There are 2 protein chains.
Amino acid sequence: MSRVLNNTAPVKKSTRDRITELINKYQFQPNALARSLFKKETGMIGVILPDITNPFFPEVLSGLDQEARNKGYTFFLCDTVSTNTNGDSGEQYVRESEYLNILVEKQVDGIIMLGGRINLAKPSAELVNEVVEVCKRVPVLLINGNLPGEGMNRVYADEKVGAELATQHLIDLGHRDIAFVGGYRHMSNTLQRIQSFVKTMEKNGLKVRKEWMLDGGFSVESGKAFLNILLGLPERPTAVFCANDLVAIGVMKAANKAGLRVPHDLSLVGFDDIPYASNSIPELTTVSLKCYDVGRNAADLLHQMITKNKVSRNTKVRPELIVRESTAPPGGKGLKA
Amino acid sequence: MSRVLNNTAPVKKSTRDRITELINKYQFQPNALARSLFKKETGMIGVILPDITNPFFPEVLSGLDQEARNKGYTFFLCDTVSTNTNGDSGEQYVRESEYLNILVEKQVDGIIMLGGRINLAKPSAELVNEVVEVCKRVPVLLINGNLPGEGMNRVYADEKVGAELATQHLIDLGHRDIAFVGGYRHMSNTLQRIQSFVKTMEKNGLKVRKEWMLDGGFSVESGKAFLNILLGLPERPTAVFCANDLVAIGVMKAANKAGLRVPHDLSLVGFDDIPYASNSIPELTTVSLKCYDVGRNAADLLHQMITKNKVSRNTKVRPELIVRESTAPPGGKGLKA
């Protein structure tokens, strides 16, 4: 039937006639959809992500879109955002499952996953197996996450190098009293950042204070709450390393309300380098995860997987420290009580 | 053939057998794609927008996604962003054309367009006709734009009411010297905001000063440039109405660099109410265009169009003034020279 539709190879006249008759009878259109049934490629890919309104994801999508378009793909955007925002939402994983099914049903050529279950430190076997099953039918690529033990193809920013750059920058400025705030300890990206922060502090002979390690959110609101907790402690840090830029913006806003000047009284480093980072006053020192490059790499790699080229399983992108205005040597009144 | 695949109605045994034979012979899978050929619905819609990294669009998409998912649609994200950023990019319209073709090819059930050609004050006949032709085959809905004379279905925020709210707010605070900066005069949304600004000023017996009317950008960088131009004038405004929030952030940053405090020395109103607006220091007074609601409405309306329900051609969403911290009565040294 494909040979009839596409005229790609000789077909017996009787077969051609029979199929043509059926096509005419049932008004079967040789359009893109019909062709795709036989060519086995649809030119469609699926991108599953947790929340398009988090400015991290549009940056990744932008690079991904650019390269996917170059390669002739159109993509489904599958946003799994849920109304539950405690960071460990069963509802979100249900939506991921739904989208995985929909994308397989629609016969996409490949799937890219960001966030959600692939960022869990300990995903359930059920969540992992579901993706493994999909991989048997469709190429799947993970961005900035992993599913343990399954040898999935990945493109990711090196979280540990990023966190080391941020921490060492604060130490090099002379800070010894440094807090880490933000993220979720059930998420692997948070754990990697924390581990690298602790390791860098210890390498420099500095003490990590448990009461200055706060997690429980990636939002601006959570950043405000973290700073208010720090302000209530008997001893306070002179610098804060924030798990992402949104948290850093929240810390900056709460510091401002409390009459503290950034960076004179308090140094702040963010993480991600979303556009907020350069739009705030003062502009935020942060670690660029090269979202756009990661997105481009991912689209290119998925194309290689779809076209059965040999690809390296892990593509690591090196983050970069971006020094702006929110960090300075300790010197003001600081957060010191 | 559809009745064989879907088992929806009686089919003669001989017909069923012949089709089943063909299906088996050519490994024709009764999957979503195949079914969609006969059901005439694919459950897919297309969303064409100009730049996903502009935070206005993820907000709209978020509402759209929520409602589209409720209605059983998956959507293609078609980002027409071009490297040319002068605001009147032929390249962008070429990409819109490409995506319109791709979406028709893929037999989407409907298409939603945002930005690009539908925001042009005077789109060429060619740009208009292309969309009109697509409309004959697929339902098309426009968000916050229009194509003149063609009676397209639209969901849009009332730009004029929004601009009036912003202008009247500044006047009610006591400002008489008000600038309008941002946008592009070849775009209809900019023209509507400017017209409403001028009308509201005149209604209040206030003079609009030509040298305080600056256009040429929707970005943070353009906002900085606009303020620097105002600072160089012999007479200066005490308040600035910005064509969008990104421009307002740029004005705020340049004001800060120049040693001016917002709102004490200069009042600022933005437009859109993107997340930046509430994350800046000080928080930005702005006009909410209700992006999320507009997105939800659009998805619902497109569904009605797809399912051939009667829909009202124009759905207008009323904007809302959000008073935060960037506006106050004139009182500081202002921008007055």
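Keep in mind the model is a prediction, meaning the values are calculated, not measured.

1. Describing the domain arrangement of chain A
Residues and elements named next belong to chain A.
In step 1: One can read the domain layout of chain A as domain 1 (42–155 + 291–317) and domain 2 (159–289).
In step 2: Computed from C-alpha atoms alone, the centre-to-centre distance between domain 1 and domain 2 is 28 Å.
In step 3: Here domain 1 meets domain 2 over a buried area of about 1100 Å², counting both sides, of which 59% is carbon and sulfur.
In step 4: Inspection of the region where domain 1 meets domain 2 yields 0 salt bridges.
In step 5: At the boundary of domain 1 and domain 2, one finds 3 residue pairs in polar contact (both at pLDDT 80 or more).
In step 6: Elements supplying a minimum of two residues to the side of domain 1 that touches domain 2: α4 (56–70) and α12 (291–306).
In step 7: The residue makeup of the side of domain 1 that touches domain 2, split by class, is 7 nonpolar, 5 polar and 2 charged.

2. Overview of the environment of Ala258 of chain B
Residues and elements named next belong to chain B.
In step 1: Within the secondary structure, Ala258 is located in the loop between α10 (245–257) and β9 (267–269).
In step 2: For Ala258, a relative accessible area of 44% corresponds to the partly exposed category.
In step 3: When the C-alpha positions of Ala258 and Asn228 are compared, they lie 8.8 Å apart, and in sequence the two are 30 residues distant.

3. Describing the sheet that holds strand β9 (residues 267–269) of chain A
All names here are of chain A.
In step 1: Spatially, β7-β6-β8-β9 is the arrangement adopted by the 4 strands of the open sheet, whose pairing is parallel. This sheet does not close on itself; its edge strands, each paired only once, are β7 (213–214) and β9.
In step 2: Strand direction decides the pairing type here: strand β8 (residues 239–242) and β9, joined by 3 bridges, are parallel. Following the sheet pairing, Ala239 is matched in β9 by Ser267.

4. Quick look at the packing of helix α9 (residues 220–231) of chain B against α10 of chain B
All names here are of chain B.
In step 1: For the pair α9 and α10, the least separation of the axes is 6 Å and the interaxial angle reads 50°. In terms of axis orientation, α9 runs oblique to α10. Crossing geometry of α9 relative to α10 is assigned as right-handed. Each of Val220, Ser222, Gly223, Lys224, Phe226, Leu227 and Asn228 in α9 lies in contact with α10, whose residues at this interface are Leu246, Val247, Ile249, Gly250, Val251, Lys253, Ala254 and Ala255.

5. Some points on the packing of aromatic side chains
Given two aromatic rings, one states the distance between the centres and the angle between the planes to describe the pair.
All names here are of chain A.
In step 1: Scanning the entire structure with this criterion turns up 14 aromatic pairs over all chains.
In step 2: Centre to centre, the rings of Phe180 and Phe241 are 5.2 Å apart; their planes meet at 85°, and the pair counts as edge-to-face. Of this pair, Phe180 sits in strand β6 (residues 178–181) while Phe241 sits in strand β8, placing them 61 residues apart in sequence. Note on accessibility: Phe180 and Phe241 belong to one class, buried.
In step 3: Three or more aromatic residues joined by ring pairs make a cluster, and in this case those are Phe180, Phe197, Phe241 and Phe271.
In step 4: Between Arg154 and the ring centre of Tyr156, over which it is positioned, the NZ or CZ distance is 3.9 Å.
In step 5: Looking at Arg209, its charged tip hangs above the ring of Trp212, at a distance of 4.3 Å from the centre.

Criteria and cut-off values
Sequence order as written defines residue numbering, which begins from 1 separately in each chain. Lettering of chains starts at A and numbering of ligands starts at 1, both following the order in which they are written. At least 70 in pLDDT is required for a residue's local features to be given in this predicted model, at least 80 for side-chain atom pairs to be given and counted, and no such filter applies to totals for whole chains, interfaces and linings, which use all residues. Excluded from the side-chain calculation are hydrogens and water; included are all heavy atoms of the structure. Reported domain spans reflect what an automatic or database domain assignment gives. Here's the idea: put two parts together, see how much 1.4 Å probe accessible area each one loses, and the total over both is what we call buried area. Here, a salt bridge means any side-chain nitrogen of Lys or Arg that lies within 4 Å of a carboxyl oxygen of Asp or Glu. Identification of polar contacts relies on pairs of N or O atoms within 3.5 Å, with a donor-acceptor requirement for protein atoms, meaning one able to donate a hydrogen and the other able to accept it, and with residues adjacent in sequence counted only if both atoms are side-chain atoms. Elements are defined by DSSP. Helices are runs of H or I of four residues or more, strands are runs of E of two residues or more, and each kind is numbered from the N terminus. Charged residues are taken to be Asp, Glu, Lys and Arg, nonpolar residues to be Ala, Val, Leu, Ile, Met, Phe, Trp, Tyr, Cys and Pro, and polar residues to be all remaining types, Gly included. The buried label applies to any residue whose accessible area, calculated with a 1.4 Å probe on protein chains only, is under 20% of its type's maximum; exposed applies above 50%, and partly exposed to all values in between. Two strands pair under a simple rule: DSSP has to find at least two bridges between them. Think of each axis as a best-fit line through the C-alpha atoms, taken over the contacting stretch in the case of a helix, with angles from 0 to 180 degrees between the N-to-C directions. The cut-offs work like this: below 35 degrees is roughly parallel, past 145 is roughly antiparallel, 65 to 115 is roughly perpendicular, and the gaps in between are oblique. We call a crossing left-handed when the near helix sits turned anticlockwise from the far one by less than a right angle, and right-handed when that turn is clockwise. Should any heavy atoms of two residues lie within 4.5 Å, those residues are considered in contact. Stacked, tilted and edge-to-face are the three classes assigned to paired rings of Phe, Tyr and Trp, where Trp is represented by its six-membered ring and a pair needs centres within 6.5 Å; plane angles under 30 degrees give stacked, over 60 edge-to-face, the rest tilted. In this scheme, Lys NZ or Arg CZ marks a charge over a ring once it lies within 6 Å of the ring centre and within 35 degrees of the ring normal.

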